[in-house]
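# Chains, contacts and geometry: an overview
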Amino acid sequence: MPLLMWVLMLVLALVSGPALAQPGQMSIGQAGRYMLSEFYTVLEDKTAQLGFEDVLQSEAQARFKPVTPGASATNFGLSRSAFWLRITLNTQPEAPASWLLEVAYPPLDEIELYVSNPAGGFDRQLGGDSRPFSSRIVPHRNHVLPVTLQPGKASTLYMRVASLGTLAAPVRLWQPAALWAHDQSEYSVLSLYFGLLIGLFFYNLLLFVSLRDRVYLYYVLFVAWIAISQAALTGLGTQFLWPDWPWWVRVAVAASNATSGVFGILFARDFLSSRITMPRLDRFLQLQVALWLLTLAAALLLPYVIAVWLVTVLSGITVTSLVLVGILSVRKKHPGAIYFLVAWAVLLLGVACLALHNTGFLPTNALTTNAMMIGSALEMVLLSFGLANRINVAIAEKEQAQASSQVEHAMVEALSESQERYRAVLQERETILATSNVGIVFLTPQGRFRWANQATLEIFGATQLQATSMEPFYQSREEYLRVGGEVAACIAHGEVYQTEIQMRRLDGSLIWISLSGKAVVTRDLAQGTVWVMMNITQRKALEAELLRTSSEREAILNSALVGIVLSVARRHEWVNEKFAQMMGYPRAEMIGQSSAAYHLSRQDWEQFGREASEALVSSGTFTAERQLRRRNGEGFWVQMGGSCIRPNDPESGVIWTFLDITQRKKSEEKTREALEQQRELNELRSRFVAMTSHEFRTPLSSILSAQELLKHYGDRLPESEKADILEGISVGVHRMMRMLDRVLLIGKADAQMLEFMPKPLDLKPLFHELLEEARAQQPGTPCKVGVEFARGMSEGVYDEKLLRHIFGNLLSNAIKYSPQGGEVRFEVSIEPGHSVFVVSDQGIGIPSDEVGHLFESFHRASNVGAISGTGLGLAIVKNAVTVHGGTVEVDSRAGQGTRFTVWLPAG
């Protein structure tokens, strides 16, 4: 919100400009205040040498021009010229005669005012901050000069202004009472401002005294010099603090700004810890501190204009860089950084506004003249909030530190209580070190023995006098130097040096030593090093033996005929060559890989893990037969067994064995298939026996009855009855022969011995003959039988015998299973590459759940009732169609008829 208000005020300052009026003249009435700056005409004296008499000359009078309209008005920026301002005041008769002329820019160095008098001359007055304050006619923070005007007449005013800094002359004409009333409100605002700074100064000074935190001291000094700077800019310093110091009045603005810049940057660096959090920007801030100190020296020693330019440029750079630092600190979530950022952003606007005023781009008014004061007030408040936030953080840290301190205090008490015991323990440890079986050595930075225990001397077979350096125990000087270089590198990184190295005893025999050394002071060799060494010669021999036996066992395990895996957390720690070959992976690639890659799916792997874990926890072992997947995606069966390394603890690791049983599984599958075939054959045999028993019994009974009749009554029977009996015998024999033919045909088909002898056939006569035979087999049928041939359909290359079986059975069944009549149709058509034969009826149909078994031998639908049949016809049809290379389909529903479609290759 302060930033938004600041921007709105700046916009108003930019857009505000002088009112339209006649340049060089102004009418004066009874108003309390008149702004004269916008109505002046101006003469620039670049030499600053023109006197008043010179200005009155006609040549000089012709050079007077109206002030530049717009933002600059009577703000001439940083200029070495002197400027003469001229205005004619046309005083109304009712206007008062006594007035006060205010030049509202306290840092203005020189002012000369000339006012015409009734005698035709001019009255001269002097002002400016280069003169002692006591010399001012009217004691005021701005430059106020009394002016007497002649009511009803015109008065001409000339004013010469010059300054080493910014040259601005905002001139207002006041009635005395109006000026004093205006000063009441203006001084109230300034009192609030400086009261705010004084309050912040003492409050944070007390905090510094209490907390001893350097950041509060920087803040206090920053506030103090900002206050001095604003006191100089507002003229209050000249009026109340240093009225008789003209030299300090001249340099106060630049010097105080430079000093506040120094402490402002020091405060920012300490507040945001920039040296740690952003070292590169911190170095840039340090450079700015140096530049501000140079600016302070320039303000005190060099011409004022140089210091003013340095302050103007450095102010923009410093505030901008501090805003950038604030943004980075907000991103890093530094405590109080958001307050810091907003504070310096507000001040940046103030600096920008003041810089534009000092260079003449903004007019001189209450906002632009006091831009730094407004910005600095808001900045000081926001920075105080930031410091308060810092206090809150410090309180939290203090509470945490107090808690830690209490813990440490308790530890100190515990340590104090056991100090005597530790002294005894220390003595014991010194004895232990001296008598330890592990060699312990304290070496100087040059590698010389400072102290060594007895175990060290025994390891190398030396005495205390003989052990002066480690070098004699190395196999060569080169190796001694190499180890020394490695030790120095480790210590430089703060690491412990460890190695196993072959060294030499004093008698020349070689031994293996485990070395471990570190510096007494981390990263510093100057205080020496401490070494621990052990004779590991026997262990090295055992390791070599273990390596040899491990290699042998590795070779044995790799040559095993079963896959072997060591698994920890369901990842392979080790696999043998057989398992790698079994899975199709290189061994090295399988180490560390999850076993999930070898299972058929993730769900299968997870389920297996649960089953195996339960078994391993309960019994310590697990066996199963599972299907796994090779690298190429091929599935195979394994018999796998697992055993925990530690009993009933699968987390310690599991040793798995894998045996490829794919061939065994295939053999078992073939055995099951053979058993299934045997079962089906047994079932087929039972059905065949049942069928033949049923089908043969009827004709045999008829034949037997006919034989009995002929035997006992043959001589008494008429010839016609004998003929009928003999015909019945013939029909029964033919029925059994047809059935046997069908059984033989099915047997040939199952044995792949069905004869197939295609030859050109004339289909129409053949199919008409088949229709007549079907009708003859079902005499008295109510069905209407029709046949339909497609055009061009007359001949084909087929096996006539098989065609008779196909369509004789289909047509006979269509008529037989239509006891209620209906239409039986036989349609023959041609499609590309095929001949299509359709036999349909409107009979009893086939239950939908039995259609799949329709072409099995001896199978009959459950709804045939008393209609006779063997269950072989459709099986023969299927085999005959298959031999032709064709297909047969059926579409039927119970009670809605049946439709058979046969496709046979054309030709």
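Residues numbered from 1 in each chain as written. Predicted model: local features only at pLDDT ≥ 70, side-chain atom pairs only at ≥ 80, totals over all residues. Heavy atoms only, no water.

### What to know about the confidence of the model for the protein
- For the protein, the mean per-residue pLDDT works out to 77, and 73% of the residues sit at or above 70.
- Scored below 50 in pLDDT, residues 1–21 makes 32 contacts in the model with residues more than four places away or belonging to other chains. (pLDDT = per-residue confidence, 0-100. Contact = heavy atoms within 4.5 Å.)

### Notes on the sheet that holds strand S27 (residues 822–831)
- One open sheet holds the 5 strands; their spatial order is S25-S27-S28-S30-S29, and the pairing between them is mixed. Strands at the two margins of the open sheet, each flanked by one partner only, are strand S25 (783–789) and strand S29 (887–892). Averaged over all neighbouring strand pairs, the angle between strand axes comes to 10°, with direction disregarded.
- Direction of pairing for S25 relative to S27: parallel, over a ladder of 7 bridges. When the bridges of S27 are listed, Lys784 appears paired with Glu823.
- Across the face of the sheet, helix H23 (residues 763–777) comes into contact with S25, S27 and strand S28 (834–840) while running at roughly 170° to S25. (Pairing = 2+ DSSP bridges. Helix = DSSP H or I, 4+ residues; strand = E, 2+ residues; numbered from the N terminus. Axes fitted to C-alpha atoms, helices over the stretch in contact; angles between N-to-C directions.)

### Some words on the sheet that holds strand S20 (residues 571–575)
- Spatially, 5 strands are ordered S20-S19-S23-S22-S21 in an open sheet, and the strand pairing comes out antiparallel. Sheet topology places S20 and strand S21 (621–629) at the edges, where each strand pairs with a single neighbour. Across the sheet, the axes of successive neighbouring strands diverge by a mean angle of 30°, strand direction being ignored.
- Sitting on the sheet, helix H20 (residues 602–619) touches S21, strand S22 (635–646) and strand S23 (649–660), and the angle it makes with S21 is about 165°.

### Examining unusual backbone geometry
- Within the chain, Ala48 stands out as a residue other than glycine whose phi angle is a positive 60°.
- Within the secondary structure, Ala48 is located in the loop between strand S3 (41–45) and helix H2 (52–56).
- Of note, the phi angle at Arg570 is positive, near 65°, even though the residue is not glycine.
- Structurally, the position occupied by Arg570 is in the loop between strand S19 (563–568) and S20.

### Topic: a nonpolar patch on the surface
- Taken together, the side chains of Phe284, Leu287, Leu291, Leu294, Trp309, Val313 and Ile317 present a nonpolar region at the surface, about 620 Å² in accessible area.
- Elements represented by at least two residues in the nonpolar patch include exactly helix H9 (279–301) and helix H10 (304–331).
- Ranked by residue count, the leading element in the nonpolar patch is H9, at 4 residues.
- Assignment of secondary structure puts Phe284 in helix H9. (Patch = residues over 30% accessible without salt bridge, like charges linked within 9 Å, V, L, I, M, F, W, Y side chains within 5 Å. Areas by Shrake-Rupley, 256 points an atom, 1.4 Å probe, with all protein chains shown as cover. Salt bridge = Lys/Arg side-chain N within 4 Å of Asp/Glu carboxyl O.)

### Brief notes about the packing of helix H7 (residues 246–272) against H10
- Taken N-terminus to C-terminus, the directions of H7 and H10 make an angle of 20°; their axes are 10 Å apart at the nearest point. What the angle tells us is that H7 and H10 run roughly parallel. Handedness of the H7/H10 crossing: left-handed. Listed contacts from H10 to Arg250, Val251, Val253, Ala254, Asn257, Ile265, Ala268 and Leu272 of H7 are Tyr304, Ala307, Val311, Thr318, Leu322, Val325 and Ser329. (Parallel < 35°, antiparallel > 145°, perpendicular 65-115°, else oblique. Left-handed = near helix turned anticlockwise from the far one by under 90°.)

### Considerations on the pattern of salt bridges
- Tallied over the entire structure, the rule returns 22 salt bridges.
- Between Arg269 and Asp282 there is a salt bridge, and its shortest N-O distance comes to 2.6 Å. Of the two residues, Arg269 is situated in helix H7 and Asp282 in helix H9; the sequence distance between them amounts to 13 residues.
- Overall, Arg269 belongs to the buried group, its relative accessible area being 19%.
- A relative accessible area of 2% means that Asp282 is categorised as buried.
- Two residues, Arg664 and Glu625, come together in a salt bridge whose shortest N-O distance is 2.3 Å. In this pair, Arg664 is assigned in helix H21 (residues 662–713) and Glu625 in strand S21, connecting sequence segments 39 residues apart.
- Under the relative-accessibility criterion, Arg664 is labelled partly exposed at 33%. (Buried < 20%, exposed > 50% of the residue type's maximum accessible area, 1.4 Å probe, protein only.)

### Looking at the packing of H23 against helix H24 (residues 800–816)
- One can describe the packing of H23 onto H24 by two numbers: an axis separation of 9 Å at closest approach and a directional angle of 40°. Viewed along their axes, H23 and H24 adopt a mutual orientation that is oblique. Remark: the crossing between H23 and H24 carries right-handed chirality. Across the interface between the two elements, Leu763, Leu766, Phe767, Glu769, Leu770, Leu771, Glu773, Ala774, Arg775 and Gln777 of H23 pack against Glu800, Leu803, Arg804, Phe807, Gly808, Leu811, Ser812 and Ile815 of H24.
- A breakdown of the residues in the contact of H23 with H24 according to their chemical character gives 10 nonpolar, 3 polar and 5 charged. (Nonpolar A, V, L, I, M, F, W, Y, C, P; charged D, E, K, R; others polar.)

### Looking at the side chain of Arg269
- One polar contact links Arg269 to Asp282, side chain to side chain, over a distance of 2.6 Å.
- With residues near it in sequence (within four places) discarded, Arg269 still touches Ser274, Arg275, Asp282, Leu285 and Gln286. (Polar contact = N/O pair within 3.5 Å; in protein donor to acceptor, adjacent residues only side chain to side chain.)

### Things to note about the packing of aromatic side chains
- Scanning the model with the defined rule gives 19 aromatic pairs in all.
- Ring geometry for Tyr585 versus Tyr598: centroids 5.5 Å apart, planes at 65°, classification edge-to-face. With Tyr585 in the loop between helix H18 (577–583) and helix H19 (587–590) and Tyr598 in the loop between H19 and H20, the pair connects residues that are 13 residues apart, well separated along the chain. Tyr598 carries the same exposure label as Tyr585, and that label is buried.
- Geometrically, the ring pair formed by Phe622 and Trp656 is edge-to-face, given 6.2 Å between the ring centres and 80° between the ring planes. Residue Phe622 is found in strand S21, and its partner Trp656 is found in strand S23; the two are separated by 34 residues along the sequence. Trp656 shares its class with Phe622; the two are buried.
- Put simply, the rings of Phe52, Phe64, Trp84, Tyr114, Phe122 and Tyr158 pair up and form one aromatic cluster.
- Between the NZ or CZ atom of Arg86 and the centre of the ring of Phe64, over which it lies, the distance is 4.4 Å.
- Positioned over the ring face of Phe636 is Arg630, at 3.9 Å from the centre of the ring. (Phe/Tyr/Trp six-rings, centres within 6.5 Å; stacked < 30°, edge-to-face > 60°. Lys NZ or Arg CZ within 6 Å of the ring centre and 35° of its normal.)

### So, the pairing of S28
- In terms of residue burial, S28 counts as a mostly covered element, since 6 of its 7 residues are buried.
- Pairing between S27 and S28: 7 bridges, direction antiparallel. In the strand pairing of S28, Arg825 is matched with Ser840.
- Connecting S27 to the antiparallel partner S28 that follows it, the hairpin turn spans 2 residues, and Gly833 within it adopts a positive phi of roughly 85°.

### A few points about helix H16 (residues 477–492)
- Between its terminal C-alpha atoms H16 stretches 23 Å, which fits the 22 Å expected from 16 residues at 1.5 Å a residue.
- For H16, the set of buried residues is Glu479, Tyr480, Val483, Val487, Cys490 and Ile491. Taken end-on, H16 shows its buried residues confined to a sector of 105°, consistent with a single buried face.
- In this fold, the buried residues of H16 make contact with strand S16 (497–504), strand S17 (510–521) and strand S18 (524–535).
- Following H16 by one or two positions, Gly494 adopts a phi angle in the positive range, close to 75°. (Expected span 1.5 Å × (residues − 1). Arc of directions from axis to C-beta.)

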